[in-house]
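Reading the structure
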Amino acid sequence: MECAEGPTPVQIYVYDLSRGLARRLSPVMLGKQLEGIWHTSVIVFKEEFFYGGGGITSCEPGGTMLGEPDNVIDLGTTEVTEEIFLEYLSSLGESGFSGETYHLFDHNCNTFSNEVAQFLTGKKIPSYITELPSEVLSTPFGQALRPLLDSVQIQPPGGNCFNRQNGPS
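About the cut-offs
- Residues numbered from 1 in each chain as written.
- Predicted model: local features only at pLDDT ≥ 70, side-chain atom pairs only at ≥ 80, totals over all residues.
- Heavy atoms only, no water.
- UniProt positions renumbered as here; feature names shortened; annotations may be inferred.
- Salt bridge = Lys/Arg side-chain N within 4 Å of Asp/Glu carboxyl O.
- Helix = DSSP H or I, 4+ residues; strand = E, 2+ residues; numbered from the N terminus.
- Buried < 20%, exposed > 50% of the residue type's maximum accessible area, 1.4 Å probe, protein only.
- pLDDT = per-residue confidence, 0-100.
- Contact = heavy atoms within 4.5 Å.
- Polar contact = N/O pair within 3.5 Å; in protein donor to acceptor, adjacent residues only side chain to side chain.
- Phe/Tyr/Trp six-rings, centres within 6.5 Å; stacked < 30°, edge-to-face > 60°.
- Pairing = 2+ DSSP bridges.
- Arc of directions from axis to C-beta.

Labelled according to an unreviewed UniProt entry, the protein chain appears under the name palmitoyl-protein hydrolase, originating from Eleutherodactylus coqui. Entered under Catalytic activity (unreviewed entry) in the UniProt record, the comment concerning the protein chain runs "S-hexadecanoyl-L-cysteinyl-[protein] + H2O = L-cysteinyl-[protein] + hexadecanoate + H(+)".

This next bit is on the pattern of salt bridges. Taken as a whole and judged by the stated rule, the model has 1 salt bridge. The partner of Glu35 in a salt bridge is Arg23, with the nearest N and O atoms 3.1 Å apart. Note that Glu35 is positioned in the loop between α1 (21-30) and β2 (38-44) and Arg23 in helix α1, a separation of 12 residues in sequence. The exposure class of Arg23 is partly exposed, given its relative accessible area of 41%.

Here we come to the confidence of the model for the protein chain. In this model, the protein chain carries a mean pLDDT of 87, and residues with pLDDT of at least 70 account for 85%. Across the protein chain, strand β5 (residues 71-78) holds the top mean pLDDT of 98, while strand β7 (residues 167-168) sits lowest at 48. Note on residues 164-169: pLDDT is under 50 here. Beyond four places in sequence and across chains, it has 13 contacts.

Note on placement: His103 falls in the loop between α2 (82-95) and α3 (109-121). A relative accessible area of 19% means that His103 is categorised as buried. Among the polar contacts made by the side chain of His103, one reaches the main-chain amide nitrogen of Asp106 at a distance of 3.1 Å.

The geometry of an aromatic ring pair is captured by the separation of the ring centres together with the interplanar angle, meaning the angle of the planes. As enumerated under the stated definition, the model contains 9 aromatic pairs in all. Ring geometry for Phe49 and Phe85: centres 5.1 Å apart, planes at 75°, overall edge-to-face. Taken together, the positions of Phe49 in strand β3 (residues 47-52) and Phe85 in helix α2 put the pair 36 residues apart, joining distant regions of the chain. With a relative accessible area of 0%, Phe85 lands in the buried category. The interplanar angle of 5° and the centroid separation of 3.7 Å between the aromatic rings of Tyr88 and Phe119 together place this pair among those described as stacked. Here Tyr88 is found in helix α2, whereas its partner Phe119 is found in helix α3, with 31 residues between them in sequence. On the accessibility criterion, Phe119 (31% relative accessible area) is partly exposed. Linked through ring pairs, Tyr51, Phe97, Tyr102 and Phe112 together constitute an aromatic cluster.

Right, let's get into the pairing of strand β4 (residues 55-59). By the criterion of burial, β4 is predominantly enclosed, with 5 of the 5 residues buried. Note that β3 and β4 share 5 bridges and pair antiparallel. When the bridges of β4 are listed, Phe49 appears paired with Ser58. Once β3 ends, the chain turns through 2 residues before running back antiparallel as β4.

Those residues of α1 that sit buried are Ala22, Ser26 and Leu30. Viewed along the axis of α1, the buried residues span an arc of 30°, placing them on a single side of the element. Away from its buried face, by an angle of more than 90 degrees, α1 presents the exposed residues Arg24 and Val28. Phi for Gly31, located one or two positions after α1, is positive at around 80°.

Now the structure itself:
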């Protein structure tokens, strides 16, 4: 574990899980245009941190099977040290971001990225990402699919589960 010397850059990687299908099919299926089905992660200390059905996970930036992100959002820098950040992640994993607490609409990767971004920089991730579930659920099709979608858990392959003893494993 390295100690941060000075400000450390913080980025959000944004992936479209639909690979462009949402943009093409959402007007017909939902009656409104969606640009994507967003998965986000936080890049800090040369690691990509994300949350899914397996809990908090990390990998090299771009190291999941999702490959390169569709968009990179620079949030600025943080003065939080890597040691404090890893302690924070550990407490998040114990207090609310375990695999069992994952929920596609209410407590997901974007919830995690938003909370971590605010901890590191004081900035939120864009609302077009965090408001996507309510946009989908506001449609008749979204309401009809909700019982099925409530059981879905997403965990992008290609990462290491985060554990308290040694950070990313």
